[in-house]
Amino acid sequence: MAVSSDVLILAISVVLAAVYLFKDQLFAASKPKSTPLPSKSSAGDGNPRDFVAKMKEAKKRIVIFYGSQTGTAEEYAIRLAKEAKAKFGLASLVCDPEEYDFENLDQLPEDCCVFFVMATYGEGEPTDNAVELCRVLSDESFEFSNGEHKLPGLKYVIFGLGNKTYEHYNAIARNVDRDLEKMGAVRIGERGEGDDDKSMEEDYLEWKDGMWEAFAKAMNVEEGQGGETPDFAVTEVEDHPQEKVYLGELSARALTRSKGIHDAKNPYPAPITVARELFAIGSDRNCVHLELNIEGSGITYQHGDHVGVWPSNAEVEVDRLLCALGLYDKKDTVINIESLDPALAKVPFPVPTTYVTVLRHYIDISALAGRQILGVLAKYAPTPEAEAILKTLNTNKEEYNTIVHNGSLKLGEVLQLAAGNDIHVAPNPSNTTAWKIPFDIIVSSIPRLQPRYYSISSSPKLYPNSIHVTAVVLKWESIPNEKVKPRWVYGVGSNMLLNLKAAANGEDIPLVSQAADDTPAKISAPKYAIEGPRGAYKQETIYKVPIHVRRSTFRLPTNPKSPVIMIGPGTGVAPFRGFVQERVAMARRTIEKNGPEGLADWGSIRLYFGCRNSNVDFLYKDEWPEYAKELHGKFTMRCAFSREPPFKPDGSKIYVQDLIWEDHEQIADAIINGKGYVYICGDAKGMSKSVEETLCKILGEAKGGSAEVEGAAELKMLKERSRLLLDVWS
């Protein structure tokens, strides 16, 4: 028995030894082969982040990177790509820099060129999608594939998008230009800088002609080698299932009514629980307060965030353009749209859809008609006279400014005006001349309708399931000229909210004023399709608004001991209502735990508010005293009423900056000794600049120097340390 056991053990040992000795041969078939991973900068092999490989594969000589927060820079990037194709026959790769790596930027072939279309965001910051690109270009420790932080001979073009009312005008484009030049890259033409405060479009048009001339020389190409080719193919579709046709839905999930994350790509239809007017009855202006229910949506927010409201165009403008395009009678025809060059132009909205849906929900037909598009459309004019008018408006900048810009004319109105129609009457097919403009040109020439952003005027600490919106309703009178009489022009987003406020409360607003029988009806206020696609934005008597939340860095200090100074005239007070509510919620918890003495070491909370009249447009007038009670003396509010006494000794009006100067000792102490935080919200052009100048004066004097030197240095330090934060607009 023992012998047989020994034999068995010996046999097993021999087998195991043999297996060990010949393991490579025995298991070779099953052993996985190691495959080297492609490096980020590998020139191809299907690496989706390698733009150089994509250019070589598609034989493209231009790559265009855009830094865009709201979509405008992307639109200009696509326009440059289209013009390069039309002028020189050159194909471009249009890229979101967030989707690519830049280690091999130095490998761009000599006969190629890179375009940078860069918007400046916030306080001189890159847009979210361009943060890494800007870091790569500015970080001297970053090495390209050549082992150095150099780009010798790289040819580039740069166009910046900014706003001169902001301190850091076009800072990102200037920084990118500086960094590229430092690395040995060679700029083609001048650096373009667009000013959104005046006319981004005009700045672009003035820059591009000289740039293209320099581009042709640097790239050794001749104009005329391209040609006009459509971006899209539009086809009318028969017998398509109606439930699969987009009628204004903003996402596939919205169409199928399926659940998912709600964000900018899938807005949430938030029910309106409260809708009221904030200005006094009888005022010639409106300011809407809405409370939007987000319970169960998965949406969260913080004080200081923005809510994006997705508007539709006014029905009168939808009808106007339908008539001008000769599509009124076939507005509900289902159409499919296909990109003929997906790398250059993606279909900007979901399809299949209908003509009327595109004009109502998807493209911005309410924007000012651009000068460039008028030249494109001239060839489709119904008469020689109409063609001549469009060509003049396209080529004569002064004429364009007088008639289109000063007249605040939309595309449909320009087409009517050129054809000799009356733009002051309600449009219909009988009073509007039809133009034979291919619909693909409309799709490629008019940008996507973008959300309108509003500072959230509530705190989730008090209203966890509700987002509050405070929106002044925009309307202004156009400047008259010999061809266009003065008329009211209406902002898209805020007037849609006014419609919703009225509908939610069962109110009527005058949509059309009925004149005498012998005169046409005059449009007096726009109407919107507020019930949404397939009635999705109305449930019995409750209306809904499609929204998403955009995060912000506009935040209170976490420590309540830090003094806070808030300056917000008009609707600039909106986020500060949320700020004060945030502190009220914290005070309630503190008092519940430690009593009112728990607030003893809290810093002061000062709010400077301004409006015209204390009895007309004093926003949330009844709420502030209640907040003050709950904060037990820590909250102070100063108000400037510009159109009621007291006035300055010379009779001029008092504004928030005047109140700040009156309190200069307390403000200097709060900022310098208390390490306080300052917040400014509202108009960038006038108010914000004046407030900053006053703060420089206060801080300069407190430091024993001047506003220009010590004051400016202190203000700069506050911004760098995020103790001075701005949420301003122009």
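**Looking at the sheet that holds strand β23 (residues 605-611)**
So, step 1. Across the sheet, which stays open at both edges, the five strands sit in the order β24-β23-β22-β25-β26 with parallel pairing between neighbours. Both edges of this open sheet fall to β24 (635-641) and β26 (724-729), since each of them pairs with a single strand only. Direction aside, the axes of adjacent strands within the sheet are offset by 10° on average.
So, step 2. As defined by bridge partners, strand β25 (residues 677-683) adjoins β26 across six bridges and the pair is classed as parallel. Bridge pairing in β26 links I680 to L726.
So, step 3. Across the sheet, helix α21 (residues 684-702) touches β22 (564-567), β25 and β26, and the angle it forms with β25 is around 155°.

**Topic: the packing of aromatic side chains**
So, step 1. This model, assessed by the stated rule, comprises 27 aromatic pairs.
So, step 2. Between the aromatic rings of F115 and W212, the centroid separation amounts to 5.9 Å while the plane-to-plane angle is 40°, which identifies the pairing as tilted. Placement of the pair is F115 in strand β3 (residues 113-121) and W212 in helix α7 (residues 200-219), with a sequence separation of 97 residues.
So, step 3. Their ring planes at 90° and their centres at 5.5 Å tell us that F554 and Y679 sit as a pair that is edge-to-face. Of this pair, F554 sits in the loop between β21 (542-550) and β22 while Y679 is found in strand β25, placing the two residues 125 residues apart along the sequence.
So, step 4. Using a relative accessible area of 1% as the deciding quantity, one classes Y679 as buried.
So, step 5. Taken together, the ring pairs connect F51, F65, Y100, F102 and F116 into an aromatic cluster.
So, step 6. We note K331 situated over the ring of Y328; from NZ or CZ to the ring centre the distance is 4.5 Å.
So, step 7. Positioned above the aromatic ring of Y453 is the side chain of R550, whose terminal nitrogen or guanidinium carbon lies 3.8 Å from the ring centre.

**Looking at the nonpolar core**
So, step 1. Among the nonpolar cores identified, the biggest contains 50 residues, and L374, L390 and F439 are the most heavily contacted of them.
So, step 2. Put simply, the parts of the chain that give this core at least two residues each are α9 (315-324), β12 (334-339), α10 (355-362), α11 (371-377), α12 (384-395), α13 (397-405), α14 (411-418) and α15 (439-445).
So, step 3. Aside from chain neighbours lying at most four places away, what touches F439 is V234, L325, L327, I335, Y355, V358 and L359.
So, step 4. Formed by 32 residues, the second largest nonpolar core is a distinct cluster that contains L93, F144, L154 and L180.

**Topic: the side chain of D364**
So, step 1. Tracing the chain through its elements places D364 in the loop between α10 and α11.
So, step 2. By relative accessible area, D364 is classed as buried at 14%.
So, step 3. Discounting chain neighbours no more than four positions away, the residues touching D364 are N313, I446, P447, R448, L449 and R452.

**Concerning the pairing of strand β15 (residues 466-472)**
Sheet faces and side chains relate simply in a regular strand, where the side chains alternate between the two faces.
So, step 1. Most of β15 is tucked away, with six of its seven residues classed as buried.
So, step 2. Direction of pairing for strand β10 (residues 287-293) relative to β15: antiparallel, over a ladder of seven bridges. Looking at β15, one finds that V288 is bridged to A471.

**What about the state of the cysteines?**
So, step 1. In this structure the tally under the stated criterion is zero disulfides.
So, step 2. Here C696 stays free of any disulfide, with the sulfur of C681 as its closest cysteine sulfur at 20 Å.
So, step 3. Residue class for C696 comes out buried when judged on its relative accessible area of 12%.

**Comments concerning the environment of K331**
So, step 1. With respect to the secondary-structure elements, K331 resides in the loop between α9 and β12.
So, step 2. With a relative accessible area of 24%, K331 lands in the partly exposed category.
So, step 3. Spatially, the C-alpha atoms of K331 and T357 are 8.3 Å apart, while their sequence positions differ by 26 residues.
So, step 4. With sequence-adjacent residues up to four places away left out, K331 is seen in contact with L322, T354, Y355 and V356.

**Things to note about the sheet that holds strand β13 (residues 353-354)**
So, step 1. In spatial order, the strands read β8-β12-β13; together these three strands make up an open sheet with antiparallel pairing. In the strand order of this sheet, the two ends are held by β8 (232-236) and β13, each with one partner.
So, step 2. Across five bridges, the pairing between β8 and β12 is antiparallel. The partner of T235 across the bridge, within β12, is N336.

**Let's talk about the confidence of the model for the protein chain**
So, step 1. Chain-level statistics for the protein chain give a pLDDT mean of 90 and a share of 92% at 70 or above.
So, step 2. Note on residues 1-11: pLDDT under 50 across the span, and zero contacts to partners over four residues away in sequence or across chains.
So, step 3. Note on residues 511-523: pLDDT is under 50 here. Beyond four places in sequence and across chains, it has 22 contacts.

**Here's the deal with the pattern of salt bridges**
So, step 1. In total, this model carries 46 salt bridges according to the counting rule given.
So, step 2. Among the ionic pairs, E148 bridges to K150, the shortest N-O distance being 3.9 Å.
So, step 3. Residue E148 is classed as partly exposed on the basis of its relative accessible area, which comes to 39%.
So, step 4. As a salt-bridge pair, R371 and E202 come within 2.8 Å of each other at their nearest N and O atoms. Taken together, the residues span a long stretch of sequence, with R371 in helix α11 and E202 in helix α7 at a distance of 169 residues.
So, step 5. With a relative accessible area of 5%, E202 lands in the buried category.
So, step 6. Via salt bridges that share partners, R174, D177, R187, R191 and E193 belong to a single interconnected network.

The rules behind these values
Residues numbered from 1 in each chain as written. Predicted model: local features only at pLDDT ≥ 70, side-chain atom pairs only at ≥ 80, totals over all residues. Heavy atoms only, no water. Pairing = 2+ DSSP bridges. Helix = DSSP H or I, 4+ residues; strand = E, 2+ residues; numbered from the N terminus. Axes fitted to C-alpha atoms, helices over the stretch in contact; angles between N-to-C directions. Contact = heavy atoms within 4.5 Å. Phe/Tyr/Trp six-rings, centres within 6.5 Å; stacked < 30°, edge-to-face > 60°. Buried < 20%, exposed > 50% of the residue type's maximum accessible area, 1.4 Å probe, protein only. Lys NZ or Arg CZ within 6 Å of the ring centre and 35° of its normal. Core = buried A, V, L, I, M, F, W, Y, C linked by side-chain atoms within 4.5 Å. Disulfide = S-S within 2.5 Å. pLDDT = per-residue confidence, 0-100. Salt bridge = Lys/Arg side-chain N within 4 Å of Asp/Glu carboxyl O.

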